[in-house]
Amino acid sequence: MRYSHQRELILREVQSRTDHPTAEQICTSLRAECPRLSLGTVYRDLNTLVEIGKIRRVSIPGQADRFDGEAQAHQHLWCTRCHRIESLYIPQEKVQALLDECQDIRVQDWALTVFGLCSQCAASSQE
């Protein structure tokens, strides 16, 4: 793959953030450094980075895709109140064991997203 300065900027931006940004958020953030950066370029480069395994896509039905630069295997929580995404660290073996119990299917890949309240929203609802 050919080197791209813009792709490198996008990768660095995603990897430096923990808020699982959208393409639009990434584009807005990088425009100060790269004023001619287009949203189309950001989308194309994000798709390429996902395809080559440098970042992960977090898909929430009805929402814009989010992107995650954390390399460690993990899952996600989508807060149904504040719409924030938090990383969850459930041991891969536990999730794989559950999938292995589904004998009628052949799992090729998986991603787990939990829907509920994030730690901040859960704490505020108990007050």
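Further up the page is the structure itself.
Residues numbered from 1 in each chain as written. Predicted model: local features only at pLDDT ≥ 70, side-chain atom pairs only at ≥ 80, totals over all residues. Heavy atoms only, no water.

Structural notes on the pattern of salt bridges
Within the structure shown, the criterion is met by 6 salt bridges. Arginine 17 is the salt-bridge partner of glutamate 13, the closest N and O atoms lying 3.1 Å from each other. Close ionic contact of glutamate 86 with arginine 84 constitutes a salt bridge, the shortest N to O distance being 3.4 Å. On the basis of relative accessible area, glutamate 86 is assigned to the buried category, the value being 18%. Bridged by salt links that share partners, the residues Glu13, Arg17 and Asp19 form one connected network. (Salt bridge = Lys/Arg side-chain N within 4 Å of Asp/Glu carboxyl O. Buried < 20%, exposed > 50% of the residue type's maximum accessible area, 1.4 Å probe, protein only.)

Quick notes on the side chain of aspartate 68
Within the secondary structure layout, aspartate 68 lies in strand 2 (residues 66-68). Despite its burial, aspartate 68 remains without a salt bridge, the nearest opposite charge being carried by arginine 56 at 4.8 Å. Within the structure, the side chain of aspartate 68 is placed 3.3 Å from the side chain of histidine 20, a separation counted as a polar contact. Looking at aspartate 68, its side chain comes within polar contact range of the side chain of histidine 76, at 2.7 Å. Look past the residues within four positions of aspartate 68 in its chain and what remains in contact with it is Val14, His20, Ile55, Arg56, Val58, His74, His76 and Ser87. (Helix = DSSP H or I, 4+ residues; strand = E, 2+ residues; numbered from the N terminus. Lys, Arg positive; Asp, Glu negative; His and termini not counted. Polar contact = N/O pair within 3.5 Å; in protein donor to acceptor, adjacent residues only side chain to side chain. Contact = heavy atoms within 4.5 Å.)

Some remarks on the packing of helix 2 (residues 23-30) against helix 3 (residues 39-51)
Remark: helix 2 packs on helix 3, axes separated minimally by 9 Å, with the N-to-C direction vectors making an angle of 120°. Looking at the two axes, helix 2 sits oblique to helix 3. The crossing of helix 2 and helix 3 is right-handed. Only Leu39, Val42, Tyr43 and Leu46 of helix 3 make contact with helix 2, whose side of the interface consists of Ala23, Glu24, Ile26 and Cys27. (Axes fitted to C-alpha atoms, helices over the stretch in contact; angles between N-to-C directions. Parallel < 35°, antiparallel > 145°, perpendicular 65-115°, else oblique. Left-handed = near helix turned anticlockwise from the far one by under 90°.)

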